[in-house]
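# Structural characterization, general
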Amino acid sequence: MSAGSSRVGPSNRALRCSVLVVDDEAGNRLLAKAALEGDFDVLLANDGRAALECLRQQCVAVILADNRMPGMSGVELLKQARLMQPLAGRILVTAYVDLDSALSAINEGNVGRYIEKPWSREVLLEAVHHESARFLLAQSEARLRDQMVRRERAEAAQAAVGFYMHDVSNVVMALADSVEELEMLTRTGVPSEAVFPRWRAEVARLAANTGHLGELVRRTRRSPQARRSDTPAQPADLAVVFRQVRRMLGALRTRGILLEFDCPGTCRVEADGVDIARILHNLASNAMHAIQERGNGDGKVSISARIHEDWIEVRVRDDGPGLPQEVRERLFEPWSTTRSQYGGSGLGLHLSRLLAEANGGRLELADTRKGCCFVLHLRRASGLGDV
């Protein structure tokens, strides 16, 4: 095996493609080299084994192989070469008597085209130029796909960080709110009997949000392999999830907003309880912010569950200012927010819908005359306790 030389400058060489010529007859190899080396960098191999070794070491644009060679035919060589370098053009040089095998190889996809012996310089150059152009196009498309994949992965990683920071920010804001409330309640010393229920409620809220933050951190620190190998989530009891969300949001009136929860008995769903708590916390927090930003401060947010045969429907409703039509149309798109002036990221609803779909459910915005109503559909768990 040897490489053909050419007298071109470095700038032109960067544009030249490599062609591997495989033939057991030295005379045929030299003729092909003489015809091609003006336009290509030519590599030579005297049999299939030497050609495969060359392909292991160097990328080539075109492989030109004689069909009848001892040890390994050109058809077999190009079949193996397709696995090693699938983008390379594959040309079979064959005699008329081998035409059937050449056509069969083309139909199977192992050979791009064939040239009959004896070939002329013009025919050979046309075929190699055609296959090298296809190689360059396929190589460009492969690079573009690779760039797109890398960009999508980077954007997915950025979105994952954004999702995580969104949930963490929600919890941190709730923790800061609880600390502020506790400082106010204890400013004059030990809480009085009149404010003691509020004090206890804020302590419970602080504990709930601290626990939720710990669970978010624990899940984020797991490797992707560990997350993929997780066992399926056990059915979640919505009554338990509701109690958790109630503690996270505050058990009593929060800054003039009344929180109501309604769960008929024990509703079990085929979903991860922490994911459902994240969804409901996001939706309820958005509703509370909308009511607060309306100006008068008073309002109501309700979270209710209803059983419908194989599904359980969870509604998060508020009596806030509602959403205009142009906002509704892009509501679940990432980075779409009506609260940019208040630090909104536009990821909460997008994340909530992704979490719902990841748990086999769906999240929708219902039509209402007043305020907003989000409907979360979850699969009902089978077994006892689904009353």
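Presented here is an overview of the structure given in this document. All of these numbers come straight from a predicted model, not from anything done at the bench.

What counts, and at which threshold
- In this convention, every chain numbers its residues from 1, walking through the sequence in written order.
- In keeping with the predicted nature of the model, local features appear solely for residues at pLDDT of at least 70, side-chain atom pairs appear and are counted solely at 80 or more, and the whole-chain, interface and lining totals rest on all residues.
- To obtain the side-chain values, all non-hydrogen atoms of the structure were included, while hydrogens and water were left out.
- Only DSSP runs of H or I covering at least 4 residues are called helices, and only runs of E covering at least 2 are called strands; the numbering of each starts at the N terminus.
- Accessible area is worked out with a 1.4 Å probe on protein chains only. A residue is then buried under 20% of its type maximum, exposed over 50%, and partly exposed in between.
- The criterion used for residue contact is that any of the two residues' heavy atoms lie within 4.5 Å.
- Every accessible area reported is derived by Shrake-Rupley at a probe size of 1.4 Å, with residue values counting cover from the shown protein chains alone.
- Only when DSSP finds a minimum of two bridges between them are two strands counted as paired.
- Every axis corresponds to a line fitted to the C-alpha atoms, with the helix fit spanning only the stretch in contact, and the corresponding angles, defined between N-to-C directions, vary from 0 to 180 degrees.
- N or O atoms within 3.5 Å of each other form a polar contact, as long as, within protein, one can give a hydrogen and the other can take it, and as long as residues adjacent in sequence are counted only when both atoms are side-chain atoms.
- Take the buried residues of types Ala, Val, Leu, Ile, Met, Phe, Trp, Tyr and Cys, join any two whose side-chain atoms come within 4.5 Å, and each joined set is a nonpolar core.
- Here is the rule for angles: anything less than 35 degrees is roughly parallel, anything more than 145 is roughly antiparallel, 65 through 115 is roughly perpendicular, and the remaining ranges are oblique.
- The nonpolar class holds Ala, Val, Leu, Ile, Met, Phe, Trp, Tyr, Cys and Pro. Asp, Glu, Lys and Arg form the charged class, and all remaining residues, Gly among them, are polar.

## Some remarks on the overall build of the protein chain
- When you go through the protein chain residue by residue, the secondary structure sums to 12 helices and 13 strands.
- Looking at the 387 residues of the protein chain, the share that counts as buried comes to 42%.
- Taking the contacts inside the protein chain whose residues are at least 6 apart along the sequence as the reference set, 68% of them involve residues at least 24 apart.
- On the protein chain, roughly 21100 Å² of surface is accessible, and the fraction owed to carbon and sulfur atoms is 52%.

## Remarks on the pairing of strand 4 (residues 62-66)
- Taken across its five residues, strand 4 has five buried, putting it largely inside the fold.
- Neither face of strand 4 is open: one carries Val62, Leu64 and Asp66, the other Ile63 and Ala65, and all of them are buried.
- Two strands pair when backbone bridges link them, and strand 2 (residues 18-22) and strand 4 are joined in this way by four bridges, in the parallel orientation. Note on strand 4: the bridge partner recorded for Val22 is Ala65.

## Brief notes about the sheet that holds strand 13 (residues 372-379)
- Taken in spatial order, the five strands line up as 8-10-11-13-12 in an open sheet, and their pairing is mixed. The strands lining the two open edges of the sheet, one partner per strand, are strand 8 (257-262) and strand 12 (362-366). Each neighbouring strand pair of the sheet contributes to a mean axis angle of 15°, computed without reference to strand direction.
- Both strand 8 and strand 10 (residues 299-308) contribute to a ladder of six bridges, which runs parallel. Looking at the pairing, Leu258 lines up with Lys300 of strand 10.
- The strands touched by helix 9 (residues 238-249) within the sheet are strand 8, strand 10, strand 11 (311-318) and strand 13, with strand 8 carrying the most contacts at an inclination of about 170°.

## Observations regarding helix 3 (residues 48-57)
- Residues of helix 3 that are buried: Gly48, Ala50, Ala51, Leu52, Cys54 and Leu55.
- Contacts made by the buried residues of helix 3 are with strand 2, strand 3 (41-45), strand 4 and helix 4 (74-84).
- For helix 3, the N-terminal capping position is held by Asp47, with its side-chain oxygen 3.3 Å away from the main-chain nitrogen of Arg49.

## Comments concerning the nonpolar core
- Leu238 and Leu280 are the most contacted members of the largest nonpolar core, which has 40 residues in total.
- For this core, the elements supplying multiple residues, two or more each, are helix 9, strand 8, helix 10 (273-294), strand 10, strand 11, helix 12 (348-358), strand 12 and strand 13.
- In terms of residue count, the dominant contributor to this core is helix 10 (nine residues).
- Aside from chain neighbours lying at most four places away, what touches Leu238 is Cys263, Cys267, Val269, Ile276, Ala305, Ile312, Val314 and Leu378.

## Focus on the packing of helix 3 against helix 4
- Closest axis-to-axis distance for the helix 3/helix 4 pair is 11 Å, and the angle between their directions is 10°. Taken together, the axes of helix 3 and helix 4 lie roughly parallel to each other. Here helix 3 contributes Gly48, Ala51, Leu52, Leu55 and Arg56 to the contact with helix 4, which in turn contributes Leu77, Gln80, Ala81 and Met84.
- Of the residues assigned to the contact of helix 3 with helix 4, the class counts are six nonpolar, two polar and one charged.

Everything listed is a geometric property; what it means functionally is a separate question.
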